[in-house]
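# Overview (structure and organization)
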Amino acid sequence: MSVQDVHEKLTKGFGHLRSHPTPANWDDWTELDAKAWPRRVEHHYELIPTVCFNCEAACGLLAYIDKETGEVKKMEGHPLHPGSRGRNCAKGPATVSQVNNPERILHPLKRVGERGEGQWERVSWDDALDDIAERIRKAFVEGRRDEVVYHVGRPGEDEYTERVLKAWGIDGLSSHTNVCSAGARAGYAFWMGMDRPAPDYATSRFILMMSAHLEAGHYFNPNAQRIIEAQQKGTKVAVIDTRLSNTASKADYWLSPWPGTESALLLAIANQLIQTERFNREFVRDWVNWREFLSDRSYLQSLVQSGFLADVPDSLSFESFVAVLKQLYGHYTPEWAAQESGVSAQQIVTIADEIARAGTSFSSNIWRNAAAGHRGGWMITRCIMFLNVLMGAVGEEGSMIPNAWVKFVPARHTAPAPIREWNENHWPREFPLSFFELSFCLPHILQRRNKRLEVYFARVINPVWTFPDGFSWIEMFKDKDKVGCHVTLSPVWSESSQFSDYVLPMGLASERHDLHSYETHAGQWIGFRQPVLRVAKERRGEDVRDTRDANPGEVWEENEFWIELSWRIDPDGSLGIRQHFESPYRPGEKITVNEYYQWIFENAVPGLPEAAAAEAMTPLQYMKRYGAFEITTDVYGRYRQPVDVAELNGAVVVPEPATDRQLEGQQPGLWADQLPHSANHAPYPGPFKNAQGKVRAGVVVGGRIVKGFPTPSGKLEFFSTTLRDWGWPEYAIPIYPRNAAEREQMVHIVTQVHHTTIDQVKGDYMLLPTFRLPMLIHSRTNGAKWLHEIAHTNPVWVHPRDAKRLGVRTGDEVRISTEIGHMVDKVWVTESIKPGVIACSHHLGRWRLHESIGSDRWSSSLVKINETESGKWAMQQIHGPTPFDSRDPDSKRVWWTDGGVHQNAIFPVQPDPISGMMCWHQRIHVEKVENGRHYGEVHVDTKKSYAAFERWLKLTRPAPGPGGLYRPLWMLRVLKPHPDAYVVPETSEAGEQSDSGAQ
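Here's a quick rundown of the structure. These numbers were taken from a predicted model, which means no experiment stands behind them. (Residues numbered from 1 in each chain as written. Predicted model: local features only at pLDDT ≥ 70, side-chain atom pairs only at ≥ 80, totals over all residues. Heavy atoms only, no water.)

### Things to note about the overall build of the chain
Rules: Each helix is a run of DSSP H or I of at least 4 residues and each strand a run of E of at least 2, with the numbering of both proceeding from the N terminus. Three exposure classes are used, based on accessible area relative to the maximum for each residue type with a 1.4 Å probe and protein chains only: buried under 20%, partly exposed in between, and exposed over 50%. Residue contacts are counted whenever heavy atoms from the two residues lie within 4.5 Å of one another. Only the protein chains shown count as cover for residues, and all accessible areas are computed by the Shrake-Rupley method using a 1.4 Å probe. Charge convention: Lys and Arg are scored as positive, Asp and Glu as negative, and His as well as the terminal groups of each chain are ignored. By convention, the charge on Lys lies at NZ, on Arg at CZ, on Asp at CG and on Glu at CD.
A tally of regular secondary structure across the chain gives 30 helices and 34 strands. Counting every position in the chain, which comprises 999 residues, the buried fraction comes to 64%. Nonlocal contacts in the chain, meaning residues at least 24 apart in sequence, comprise 72% of its contacts between residues at least 6 apart. Approximately 34600 Å² of the chain is accessible, and the part contributed by carbon and sulfur atoms is 48%. One way to put it: in the chain the 111 positive side-chain charges average out to a point 2 Å from where the 124 negative ones average out.

### Remarks on the nonpolar core
If you look at soluble globular proteins, the nonpolar side chains tend to sit buried side by side. Test applied: Take the buried Ala, Val, Leu, Ile, Met, Phe, Trp, Tyr and Cys residues and link them wherever side-chain atoms come within 4.5 Å; each set so joined is a nonpolar core.
With 244 residues, the main nonpolar core has W168, F293, F457, F561, L565, F601 and F718 as its most contacted residues. Core analysis: the second largest hydrophobic core is formed by eleven residues, A63, I65, V532 and V535 among them.

### Regarding the environment of H934
With respect to the secondary-structure elements, H934 resides in the loop between strand 33 (922-928) and strand 34 (938-941). Look at H934 and you get partly exposed, because its relative accessible area is 26%. Taking C-alpha positions, H934 is 35 Å from W367, a pair spaced 567 residues apart along the chain. In contact with H934, not counting residues within four places along its chain, are E813, V824 and V929.

### Notes on the packing of aromatic side chains
Heads up, the condition is: We call Phe, Tyr and Trp rings a pair once their centres come within 6.5 Å, taking the six-membered ring for Trp, and we label the pair stacked below 30 degrees between planes, edge-to-face above 60, and tilted otherwise. Whether a charge lies above a ring is judged from NZ of Lys or CZ of Arg, which has to be within 6 Å of the ring centre and within 35 degrees of the ring normal.
Tallied over the full model, the rule gives 58 aromatic pairs. Consider the rings of W405 and Y639, whose centres lie 6.1 Å apart with planes at 20 degrees: the pair is stacked. Separated by 234 residues along the polypeptide, W405 in the loop between strand 14 (400-402) and helix 18 (442-449) and Y639 in the loop between strand 20 (628-632) and strand 21 (652-654) bring together distant segments of the chain. Among the residues examined, W405 registers a relative accessible area of 3% and is labelled buried. Taking 5.2 Å as the distance between ring centres and 65 degrees as the angle between the ring planes, the aromatic pair formed by F771 and W797 counts as edge-to-face. With F771 in the loop between strand 25 (764-768) and helix 28 (785-790) and W797 in strand 26 (residues 796-798), the pair connects residues that are 26 residues apart, well separated along the chain. Residue classification places F771 among the buried positions, given a relative accessible area of 3%. W797 sits in the buried class, given a relative accessible area of 11%. Looking at R163, its charged tip hangs above the ring of F581, at a distance of 5.7 Å from the centre.

### Digging into the sheet that holds strand 22 (residues 669-672)
What counts, and what does not: At least two DSSP bridges between two strands are required for those strands to pair. Note on geometry: axes are C-alpha line fits, over the in-contact stretch for helices, and angles between N-to-C directions span 0 to 180 degrees.
If you trace the four strands from one edge of the open sheet to the other, you get 21-22-23-24, paired in antiparallel fashion. In this open sheet, the two edge strands, each paired with only one partner strand, are strand 21 and strand 24 (704-706). Averaged over all pairs of adjacent strands, the angle between their axes in this sheet comes to 30 degrees, without regard to strand direction.

### Details of the sheet that holds strand 18 (residues 514-516)
The sheet built from three strands is open, its strands ordered 18-19-20 with antiparallel pairing. Each edge of the open sheet is held by one strand with a lone partner, namely strand 18 and strand 20. Sheet twist, expressed as the mean angle between neighbouring strand axes with direction ignored, is 15 degrees. Judged from the three bridges that link them, strand 18 and strand 19 (residues 524-529) form a sheet pairing that is antiparallel. Across the sheet, residue L515 finds its bridge partner in strand 19, namely F528. Along the sheet face, helix 23 (residues 593-603) touches strand 18 and strand 19 and points at about 30 degrees away from the line of strand 18.

### Description of the packing of helix 5 (residues 182-192) against helix 17 (residues 377-391)
As a reminder, the rule being used: Throughout this description, any angle smaller than 35 degrees is read as roughly parallel, any larger than 145 degrees as roughly antiparallel, any in the 65 to 115 degree range as roughly perpendicular, and the remainder as oblique. With the far helix as reference, a near helix turned anticlockwise by less than a right angle produces a left-handed crossing, and one turned clockwise produces a right-handed crossing. By the convention adopted, Pro, Cys, Tyr, Trp, Phe, Met, Ile, Leu, Val and Ala count as nonpolar, Lys, Arg, Asp and Glu as charged, and the other residues, Gly among them, as polar.
Following both chains from N to C, one finds helix 5 and helix 17 inclined at 45 degrees, their axes separated by 7 Å at the closest point. Here helix 5 lies oblique to helix 17, going by the angle between them. For helix 5 against helix 17, the interelement crossing comes out right-handed. Seen from helix 5, the contacting residues are G183, A184, A186, G187, Y188, F190, W191 and M192; seen from helix 17, they are W378, T381, R382, I384, M385, F386 and V389. Of the residues in the contact of helix 5 with helix 17, the class split is eleven nonpolar, three polar and one charged.

### Concerning the pairing of strand 23 (residues 695-701)
Burial runs high along strand 23: seven of the seven residues are buried. Note: strand 22 against strand 23, three bridges, orientation antiparallel. The partner of W671 across the bridge, within strand 23, is R696. Where strand 23 and strand 24 come together, three bridges link them in antiparallel fashion. Bridged to V701 within strand 24 is R704. Two successive antiparallel strands, strand 23 and strand 24, enclose a turn made up of two residues, where G702 displays a positive phi of approximately 60 degrees.

### Re helix 30 (residues 942-953)
Since the α-helix packs 3.6 residues into each turn, any two residues three or four apart lie on the same face. Which entries qualify depends on this criterion: In a helix, the anticipated span is given by 1.5 Å times the number of residues less one. Summarising the geometry, the arc corresponds to the directions from the helix axis toward the C-beta atoms. Nitrogen and oxygen atoms within 3.5 Å of one another constitute a polar contact, given that in protein one can donate a hydrogen and the other can accept it, and given that sequence-neighbouring residues count only through two side-chain atoms.
Taking 1.5 Å as the rise per residue, helix 30 with twelve residues should run 16 Å; its terminal C-alpha atoms sit 17 Å apart, in good agreement. The set of residues buried in helix 30 consists of T942, S945, Y946, A948, F949, W952 and L953. Buried residues of helix 30, seen end-on, are gathered within an arc of 155 degrees and therefore sit on one face of the element. Looking at the packing, one finds that the buried side of helix 30 touches helix 18, helix 20 (470-478), strand 32 (872-879) and strand 34. Two or three places before K943, at the start of helix 30, stands the capping residue D941, its side-chain oxygen 3.0 Å from that residue's backbone nitrogen.

### Brief notes about unusual backbone geometry
With an omega of 0 degrees, the peptide bond running from G686 to P687 counts as cis. Within the fold, P687 resides in the loop between strand 22 and strand 23. Located in the positive-phi region is A616, a residue other than glycine, with phi close to 55 degrees. Note that A616 resides in the loop between helix 24 (608-614) and helix 25 (619-626). Even without a glycine there, the phi angle at L975 is positive, about 55 degrees.

### Thoughts on the pattern of salt bridges
Put simply, the test is: Just to be clear on terms, a salt bridge is a Lys or Arg side-chain nitrogen sitting within 4 Å of an Asp or Glu carboxyl oxygen.
Applying the stated rule across the entire model yields 78 salt bridges. Across the pair R534 and E560 runs a salt bridge whose closest N-O atoms are separated by 2.8 Å. Taken together, the residues span a long stretch of sequence, with R534 in helix 21 (residues 532-539) and E560 in helix 22 (residues 558-569) at a distance of 26 residues. Since its relative accessible area comes to 8%, E560 is described here as buried. Because the salt bridges share partners, they merge into one network encompassing D131, R135, K138, E142, R144, E147, R452 and E454.

### Some words on the pairing of strand 11 (residues 236-240)
Most of strand 11 sits out of view: four of its five residues are buried. In this sheet, strand 12 (residues 253-255) lies alongside strand 11 in parallel orientation, the contact comprising three bridges. Counterpart to A238 in the pairing with strand 12 is Y253.

### Focus on the environment of Q98
With respect to the secondary-structure elements, Q98 resides in helix 2 (residues 95-99). In the structure, Q98 is positioned 688 residues away from W786 in sequence and 9.3 Å away in space, judged by C-alpha atoms. Non-local contacts of Q98, meaning those with residues more than four positions away in its chain, are made with N54, R104, L508, R780, T781, N782, G783 and A784.

### Considerations on the side chain of R144
Position of R144 among the secondary structure elements: in the loop between helix 3 (125-141) and strand 7 (148-152). With near-sequence residues (within four places) excluded, R144 lies in contact with K138, A139, R452 and E454.

### Examining the environment of F435
Looking at where F435 falls in the secondary structure, it is placed in the loop between strand 14 and helix 18. With a relative accessible area of 1%, F435 lands in the buried category. In the structure, F435 is positioned 46 residues away from D481 in sequence and 29 Å away in space, judged by C-alpha atoms. Excluding its chain neighbours within four sequence positions, the residues that come into contact with F435 are T177, N178, A182, R185, A186, A189, D195, S915, R967, M971 and L972.

The structure is reproduced here in structure tokens:
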């Protein structure tokens, strides 16, 4: 069908679509009458839009609902969705196999017996809600608010559950970001305040990527579409990845560096642009905080002492800054970088030439990859964005656009007050610049702080399997003195849910409501996920009280669950919670999920009411009909947009440099009593206050008052005053050690697996575990039989040169040992990995403790686990996936017997001392397993893991920082508390914000 056809079908609500008959048994095909094949059978489908949930791209889906049976027959792409435009990867259509998965959980379950024994009883939703609500209310009343945790992976929605926790008044959100993207986020934030890029691939002239799993379709299928379109128009693509990824295989240039040395080659590229003066002088002069850099004479003197500069320049001019750049980065020659990174000097020069030719139409991206693998991964991000800044390729057409300019989050009908507490279980003082919670260290943090949890919620998260050191999580979950009540909210079983007290069935993508907006292209949009069977019933006039009336079994959706649970925690309103879950249309009564979104669509999405009225619909009807709405494509150059001073009462303008003696010494910018109103509530850094207590509403550039960037200086920060002021001055600019002596001095930004420290002759290697296959993602694709048939094993990638040294061939078993344990996996010999590096995909190796329960049998192996002595754990595979009986006949056709190996369990936690990112790459020892009978074996010593955690903590520089704070106030933080909560209790004063805004 064409886009016009779909538009018509959606408008009318029903499609009469024809399809060919499918033989009941393909083995009998030859017996069919050949003349029967052209015969067409008419099916009556109702098309209802929703949104995929099998990654965070939020691509549009159309559910085809059989008009006669009311069943969802298939899912296809939604052509009217602005991001995905009707094109989905395999994960989207596979949603229907998850809906019909016979292994899914359909009723609330409560543990019977001990955690992990696999004994469960069915309970009512009322009983489960009453028990959980009573525990939470008691904790709140007794002042134990830090004992309630909501742990979520990729939530797939914007602000709903964050608002729930704000209403509860707890700093209780924990995410998975520090095992995913915290390194990249921190590096971007130190440059531009905003924490992620939104590359405008479609109009780029040159694309440089260090996050291939995104563009290969694992996350952002919409990105992949636009990259291919750009290539078809002549755009060149380069990929920096030690492994030959899917994206690298389609690139014009593949650079395979030693893991962790990426900063070296990126700074060598920057040096080429600087020395030849092929950078955008005007942009750098106007939009980089070079004046702050040159004004800090003591900092410049430290660069002289370390040999990066010959002397401190006398002048504070831009020309002096350019001269300093040439000195600073002149050390990073292509020849030096080639020796350090293993990438040829000629490749480095070639990439620099391509970037220079692209100019402002140069886009780049890094997300996981090296930023997630290494100590100092955030500095790699600083170095790649340095290239964009040099070219002025920030926020322009074809460049890298800051994410906040293309993301839209609407207001809600009430706004809970900021939280008044700081939870050190999630934001420990040892990591004041951590970008998101130290979630993967929670068992060790609780042990170190001697803390417990009363209620632990898990949603779209599976820490036992996804996180490093999963056996420490098992120990925590099994200890009732550490976790009082473990609640899993999930459609399916997982390794972690096997140790729960409640498993509560939640809806899949087509069985729930969510609102979201993501960074897919140069446009701002919202997507509306909705329960399609409920919508179909409502269209037919049926009475639907909540999604349980339409979903299979007693499957609910999170949104209605949180409304009901919050109401029971505060039934009389005395805790101040209930008011945020009352209807804006029926005062004092419980809000419905339709009313929640009705208010948003009527009041908080610019242009939506008008678009709906044009089609004689209410805004809610419009979103139910179309499932997405594009707000604007005006997303370029937001930093240059003028600010109307007349709209700001009592505004003061301080130019740079200040020419009025009365303004001398004041921070440059436009300062006002409050910021202008914005309809967009997307997370944004700030506020930035001056010594007079006013907030910065803009900056002065070239005599014009414009918005600028949300950083302490209002500009792009080559020189991060935050890093300087918070105890990391040596890393305040993009930098990398030039030799072995400097690697010792700059240990915080040197990978823990630097190639010069690896002795391959002794069987030592570095393990690259930071990639996944495009069709699977964490636990969300569990239960998708089609996807697991495509990919179900994760052998270790070994280069032929290393295979010869180890004496192995494809299919042989090897023992991979880390400092806390070992696993046994099979070998795949391939030239797609750099010699000296072993690689293994981390999204496989699912397991269950019981034959028929614990994890989907499509993908998991049956295992037995023993604690041989305190802290020493052993896992042994009994068998892999096998055919099984169920209501789905395909379950008897399971032909694969390998479910992979759970590699993350043998990794110690390795938190980056600055960003808090889990540094995934591992130092390993590899040896051949002779008898070939130990596949899937895992051994771990959790006491050694805790010792490793303590060792990494010694690299940190804890809070308090300036003003006695836990963290800079301006930096992004989920559930951002009231400023009073930022004060470390042991400090006597909070102090005023400094001129730099670093507080």
